[in-house]
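Report on the structure
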Amino acid sequence: EEIKELLAIIKEQNKKFEEQNKVLAEHSRILAEHNKILAEHSKRLEEHSKILEEHSKRLEEHSKILEEHSKRLEEHSVMLQELLREVKSLRRDYDRTLSALGTRWGLYSELSFRNGMRAILESELGLKVERYCVKDEEGEVFGWPDQVELDLVIKNGKVIVVEIKSSASKSDINIFWRKIRFYEKREGVKVDRAIFISPMVDPRGLEAAKMVGIEVYTWPEEVKLEEEI
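In every chain, residue numbers begin from 1 and rise along the written sequence. Local features in a predicted model are, by the rule used here, given only for residues with pLDDT of at least 70; side-chain atom pairs are given and counted only at 80 or more, and totals for whole chains, interfaces and linings are based on all residues. To get the side-chain values, take all heavy atoms of the structure and skip hydrogens and water.

1. Here's the deal with the pattern of salt bridges
- Any Lys or Arg side-chain nitrogen found within 4 Å of a carboxyl oxygen on Asp or Glu counts as a salt bridge. Taken as a whole and judged by the stated rule, the model has 12 salt bridges.
- Put simply, Arg 72 and Glu 68 hold a salt bridge, and the shortest N to O gap is 3.4 Å. Remark: Glu 68 and Arg 72 occur in helix H1 (residues 2–123); sequence separation between them is 4 residues, near one turn of the helix.
- Note on Arg 72: relative accessible area 45%, which makes it partly exposed.
- One network of salt bridges, in which partners are shared, links Glu 26, Arg 29 and Glu 33. Under the DSSP-based scheme used, a helix requires at least four consecutive residues in state H or I and a strand at least two consecutive residues in state E, with every element numbered from the N terminus. The cut-offs for exposure are 20% and 50% of the maximum accessible area for each residue type, with area from a 1.4 Å probe on protein chains only; residues under the lower value are buried, those over the upper are exposed, and the others partly exposed.

Shown next, in the form of structure tokens:
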């Protein structure tokens with residue numbers, strides 16, 4: 001009887017061992033799957049690490065390239081600033097040269113036109129033409145002592161005063177008017193006509209001339225001296 005009970009206990013224990021073995025086998029299977037998954041994750045992690053390492057390497061290379069580009073850009077900026085300074089300097093020199101040439105051309109043009117008109121009026125029309133130049137000791141014209149010049153003074157029973165300029169402003173008209181007043185006072189004569197000839201006249205100068213009775217002509221051929229004398 002005792003042997004039967006012992007066999008029953010052993011059988012029961014074997015059954016429990018089998019069940020435990022099954023559980024262990026299941027755990028081993030799950031653990032194997034986990035190990036497989038973990039291995040796969042480790043593999044992917046390693047691949048990602050390689051990718052990140054490659055990206056870091058490329059990023060470092062790009063940083064070096066950008067640094068080089070920044071350096072070159074800075075050098076170019078310095079060169080452009082230097083070039084801009086040179087261009088500005090050349091432009092100032094050009095403007096000064098152009099201004100000087102323009103002034104010289106204007107003076108030469110005035111002189112040439114003045115001499116041409118004097119030759120025509122004297123040789124073709126028989127008029128007496130002179131250039132008036134007197135020192136204004138009291139500074140009546142300019143506000144300080146200076147030479148007062150009138151380009152052409154035409155006399156033939158009437159006195160006609162002509163001023164010739166390459167361009168004229170309101171100030172030029174006012175100065176011409178003060179020259180005329182000075183001439184009349186100094187020479188004791190009355191100016192019958194005051195003519196201002198210039199291809200470029202400021203509109204304000206035209207208004208000032210109209211107020212004081214100065215005739216302004218923007219083109220010399222508009223002046224008809226022969227009909228008026």
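2. Brief notes about the environment of Val 189
- By the element assignment, Val 189 lies in the loop between helix H2 (170–187) and strand S4 (193–197).
- Sequence spacing of Val 189 and Val 159 is 30 residues, and the spatial spacing of their C-alpha atoms is 8.2 Å.

3. Considering the confidence of the model for the chain
- Predictor confidence is given residue by residue as pLDDT, running from a minimum of 0 to a maximum of 100. On average, residues of the chain score 79 in pLDDT, and 77% of them are at 70 or above.
- Looking at the elements of the chain, mean pLDDT is at its lowest for helix H4 (residues 225–228), recorded as 44, and at its highest for H2, recorded as 94.
- In this analysis, two residues are considered to be in contact whenever any of their non-hydrogen atoms come within 4.5 Å of each other. Scored below 50 in pLDDT, residues 97–108 shows 1 contact in the model against residues more than four places distant or in partner chains.

4. Side note on the packing of H2 against helix H3 (residues 203–212)
- Between the N-to-C directions of two axes lies an angle of 0 to 180 degrees, each axis being a line fitted to C-alpha atoms and, for a helix, fitted only over the stretch in contact. Between H2 and H3, whose axes approach to 7 Å, the crossing angle comes to 25°. Here H2 is positioned roughly parallel relative to H3, judged by the angle of their axes. Two secondary-structure elements touch here, H2 through Lys 170, Ile 173, Asn 174 and Trp 177 and H3 through Arg 204, Gly 205, Ala 208, Ala 209 and Val 212.
- When residues are sorted by character, Ala, Val, Leu, Ile, Met, Phe, Trp, Tyr, Cys and Pro go into the nonpolar class, Asp, Glu, Lys and Arg into the charged class, and all the rest, Gly among them, into the polar class. Among the residues making up the contact of H2 with H3, the classes are represented as 5 nonpolar, 2 polar and 2 charged. Convention used here: angles under 35 degrees read as roughly parallel, angles over 145 as roughly antiparallel, angles from 65 to 115 as roughly perpendicular, and any remaining angle as oblique.

5. Section: the packing of aromatic side chains
- Any two rings among Phe, Tyr and Trp, with Trp reduced to its six-membered ring, count as a pair given centres within 6.5 Å; such a pair is stacked if its planes are under 30 degrees apart, edge-to-face if over 60, and tilted if neither. Counted under the stated rule, the structure contains 3 aromatic pairs.
- With 4.8 Å between their ring centres and 85° between their planes, Tyr 132 and Tyr 183 make a pair best called edge-to-face. Of this pair, Tyr 132 sits in strand S1 (residues 128–136) while Tyr 183 sits in helix H2, and the two are 51 residues apart along the sequence.
- Overall, the relative accessible area of 6% leaves Tyr 132 in the buried class.
- Among the residues examined, Tyr 183 registers a relative accessible area of 1% and is labelled buried.
- Relative to Phe 196, the ring of Phe 176 lies with its centre 5.6 Å away and its plane at 70°, an arrangement referred to as edge-to-face. Here the residue Phe 176 occupies a position in helix H2, and Phe 196 occupies one in strand S4, the gap between them amounting to 20 residues. You'll find Phe 176 and Phe 196 in the same group, each marked buried.

6. A word on the nonpolar core
- Grouped together as the largest cluster of nonpolar side chains are 22 residues, with contacts concentrated most on Tyr 132, Leu 150, Phe 176, Tyr 183 and Ile 214.
- Those elements that provide at least two residues to this core are S1, strand S2 (146–155), strand S3 (159–164), H2, S4 and H3.
- The dominant element in this core, judged by the number of residues it contributes, is H2, at 6 residues.
- Core analysis: the next-biggest nonpolar cluster, separate from the first, contains 8 residues, Val 129, Ile 160, Ile 195 and Ile 197 among them. Put simply, a nonpolar core is a bunch of buried Ala, Val, Leu, Ile, Met, Phe, Trp, Tyr and Cys residues held in one set by side-chain atoms that sit within 4.5 Å of each other.

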